[in-house]
Amino acid sequence: MDMTPELEERLAKLQQKYAVMGQDMLSYIDGLLYADYLTYWDYIHLDVLLNLQTPRTPFPDEKIFIMYHQVSELYMKLVRHALEQIAHDESLTGEKMRVQLKRINSYYKALISSFEIMVDGMDKDQFLSFRMALLPASGFQSAQYRMIEIAATETKYLAAFESREAMTNATPDELYDNLYWKKGATELASGKQTLTLRQFEKKYAEEFKRLLAEYRDTNVLACYHRLSPADQKNPEIIAEMRAFDHAANVEWPSMHYKSAVRYLMKKPMDIKASGGTNWQQYLPARARRVTFFPELWSEDELKDWGRKHTEDALNQ
Ligand code: HEM
């Protein structure tokens, strides 16, 4: 190859780059001579990814259960990635926020439409057998699910429904203690926390508290309040925020509840969940009534929050 002006220009730029760091460009070029080509499988760590499924029982459908949870966690990581870009952008505009929210909504669309794999994609008898080997683990212990909530809204909106109004001037510790999922995994009669919750908090409580502080002023709702008045009225931004709220707090929970109803509802006595919650009262969107952005919904919409989806899940 001839020494063209383009090549000379590139070499000069490279030399400059390495000189700034006190490095010798020629040594790096020698390194290039011996470097191997990048492969697809190394780049995405395919071998690791495809070897992360280790069932605890011989039932073949347990692998479906594991893989679908892993797929869901990866989608949640995509959602968190978009939420982080909203939170950390110091020159956030309405348009940039709309783009990230639109991405979030496309991830939720995939999460919700694919949940059929759980509702109808496993043999019920196999599921009821292998789940006994998983106690007391539960999807309840998905930390990313909580991290999405923390990055989405003000903590008071994540309080248990009955204590939400009283949370307006609560301290960070009071807010943390009243989170709806902490209440949901507490036995009503004794007030004792389930083992699933205790283990979950032992691992993540400190991180959750750190994130609650980090996102206090950078959650989606807080960022929305800092947009220009025109952006706050922009129907496209409002539509994306509402779609996110509905997907995360009504549609996904309802698909998930539908799978619990399919596998665990057995008249006259429902089957106990692996995480030990009173899942019939805890899981339905209608029961918890979590809404990230209440100000974007009408009174009637809030009054009926999750009602139809919860009824549909029960009448499947
Ligand atoms: C057959 C499929 C499934 C069934 C029967 C099921 C059942 C349950 C039940 C009964 C609970 C309540 C907690 C407990 O007492 O254990 C729960 C919580 C939870 N599960 Fe699942 N689950 C299924 C699949 C999934 C999948 C694929 C995910 C994806 C990560 C998931 C994520 C969660 C989350 C995040 C919670 C906590 C929900 C909340 O606090 O609102 N579950 N699940």
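The shown structure was predicted, so the numbers you read here are calculated from the model rather than taken from an experiment.

S.K.: I would appreciate a short explanation of the overall build of the chain in the present structure.
M.R.: Along the chain, the regular secondary structure elements total 19 helices and 0 strands. Structurally, the chain occupies a C-alpha span of about 85 × 55 × 35 Å along its principal axes. Sequence separation of 24 or more characterises 70% of the internal contacts of the chain that already satisfy a separation of 6 or more. On the chain, roughly 18,800 Å² of surface is accessible, and the fraction owed to carbon and sulfur atoms is 56%. Side chains of the chain give 40 positive and 46 negative charges; the mean places of these two sets differ by 7 Å.

S.K.: Any chance you could explain the environment of A166 here in plain terms?
M.R.: Tracing the sequence through the fold places A166 in the loop between helix 9 (143-152) and helix 10 (172-177). In sequence terms A166 and Y40 are 126 residues apart; their C-alpha atoms lie 53 Å from each other.

S.K.: Sorry, what's going on with the site of the ligand here?
M.R.: Taken together, 30 residues sit near the ligand, with R146, H256, T277, Y282 and R288 positioned nearest. Contact distances for the ligand include 2.8 Å between a nitrogen atom and a side-chain N or O atom of H256. Separating an oxygen atom of the ligand from a side-chain N or O atom of R288 is a distance of 2.4 Å. Breaking the shell around the ligand down by element, the ones donating at least two residues are helix 5 (61-88), helix 9, helix 15 (235-264) and helix 16 (279-282). Tallying contributions element by element places helix 15 first for the shell around the ligand, with 6 residues. Per-class residue counts for the shell around the ligand are 18 nonpolar, 10 polar and 2 charged.

S.K.: In this structure, what is going on with the coordination of the iron atom of the ligand? I would like to understand it.
M.R.: By definition of the ideal shapes, a tetrahedral metal site with four donors has angles of 109.5 degrees and an octahedral site with six donors has angles of 90 or 180 degrees. Counting protein donors to the iron atom of the ligand gives just one, H256 (NE2), placed at 2.1 Å. Relative to the helices and strands, H256 is located in helix 15.

S.K.: Help me understand a nonpolar patch on the surface, please; the structure alone is not making it clear to me.
M.R.: A cluster of nonpolar side chains, L38, Y40, W41, Y43 and I44, forms an exposed patch at the surface whose accessible area comes to about 640 Å². Following the sequence through the fold, I44 ends up in the loop between helix 3 (40-43) and helix 4 (46-49).

S.K.: Help me out: how do you make sense of the packing of aromatic side chains in this one?
M.R.: Both the distance between ring centres and the angle between the ring planes are used here to describe each pair of aromatic rings. The full count for this structure, using the stated rule, is 24 aromatic pairs. Aromatic pair F65 and F130: ring centres 5.4 Å apart, planes at 55°, arrangement tilted. Of this pair, F65 sits in helix 5 while F130 sits in helix 8 (residues 124-130), placing them 65 residues apart in sequence. By relative accessible area, which is 0% here, F130 ends up buried. Measuring from centroid to centroid gives 5.7 Å for Y204 and F208, while their planes differ by 25°, and the two rings are stacked.

S.K.: Quick question: what am I supposed to make of the packing of helix 9 against helix 12 (residues 195-214) here?
M.R.: If you want to describe how two helices pack, look at the angle between their axes and the distance between the axes. As a packed pair, helix 9 and helix 12 sit with axes 11 Å apart at the nearest point and diverge in direction by 20°. As the angle between them shows, helix 9 and helix 12 are arranged roughly parallel. Considering how the two elements wind past one another, helix 9 and helix 12 form a crossing that is right-handed. Facing helix 9, whose interface residues are A143, R146, M147 and I150, helix 12 presents F200, Y204, E207, F208, L211 and L212.

S.K.: Teacher, can you tell me more about unusual backbone geometry here?
M.R.: Across residues other than glycine, the phi torsion is negative in most instances, and most of the peptide bonds are trans. Cis geometry marks the peptide bond from L135 to P136, where omega comes out at -10°. Positionally, P136 belongs in the loop between helix 8 and helix 9. Non-glycine residue H45 carries a positive phi angle of around 50°. For H45, the position within the fold is in the loop between helix 3 and helix 4. Accessibility expressed as a relative area gives 53% for H45, which makes it exposed. A positive phi angle, near 45°, is found at R289, a position not held by glycine.

S.K.: I would appreciate a short explanation of the packing of helix 5 against helix 6 (residues 94-114) in the present structure.
M.R.: For the pair helix 5 and helix 6, interaxial distance at closest approach is 9 Å and the crossing angle is 170°. Compared by their axis directions, helix 5 and helix 6 come out roughly antiparallel. Across the interface between the two elements, Y68, S72, Y75, L78, V79, A82, L83, Q85 and I86 from helix 5 touch M97, Q100, L101, I104, Y107, Y108, A110, L111 and S114 from helix 6. For the contact of helix 5 with helix 6, the per-class residue count stands at 14 nonpolar, 4 polar and no charged.

S.K.: Teacher, can you tell me more about the nonpolar core here?
M.R.: Looking at soluble globular proteins, one finds that nonpolar side chains tend to be buried together. In this structure, M97, Y108, W181, M241 and F244 are the most contacted members of the largest nonpolar core, which totals 78 residues. Those residues in contact with M241, other than ones at most four positions away along the chain, are M97, L101, V220, L221, Y224, F293 and L296.

Here is what the cut-offs are and how they apply
- Residues numbered from 1 in each chain as written.
- Predicted model: local features only at pLDDT ≥ 70, side-chain atom pairs only at ≥ 80, totals over all residues.
- Heavy atoms only, no water.
- Helix = DSSP H or I, 4+ residues; strand = E, 2+ residues; numbered from the N terminus.
- Contact = heavy atoms within 4.5 Å.
- Areas by Shrake-Rupley, 256 points an atom, 1.4 Å probe, with all protein chains shown as cover.
- Lys, Arg positive; Asp, Glu negative; His and termini not counted.
- Charge placed at Lys NZ, Arg CZ, Asp CG, Glu CD.
- Near = heavy atom within 4 Å.
- Polar contact = N/O pair within 3.5 Å; in protein donor to acceptor, adjacent residues only side chain to side chain.
- Nonpolar A, V, L, I, M, F, W, Y, C, P; charged D, E, K, R; others polar.
- Donors = N, O, S within 2.8 Å, 3.2 Å for Na, K, Ca; no water.
- Patch = residues over 30% accessible without salt bridge, like charges linked within 9 Å, V, L, I, M, F, W, Y side chains within 5 Å.
- Salt bridge = Lys/Arg side-chain N within 4 Å of Asp/Glu carboxyl O.
- Phe/Tyr/Trp six-rings, centres within 6.5 Å; stacked < 30°, edge-to-face > 60°.
- Buried < 20%, exposed > 50% of the residue type's maximum accessible area, 1.4 Å probe, protein only.
- Axes fitted to C-alpha atoms, helices over the stretch in contact; angles between N-to-C directions.
- Parallel < 35°, antiparallel > 145°, perpendicular 65-115°, else oblique.
- Left-handed = near helix turned anticlockwise from the far one by under 90°.
- Core = buried A, V, L, I, M, F, W, Y, C linked by side-chain atoms within 4.5 Å.

Coordinates in, geometry out; function isn't part of it.
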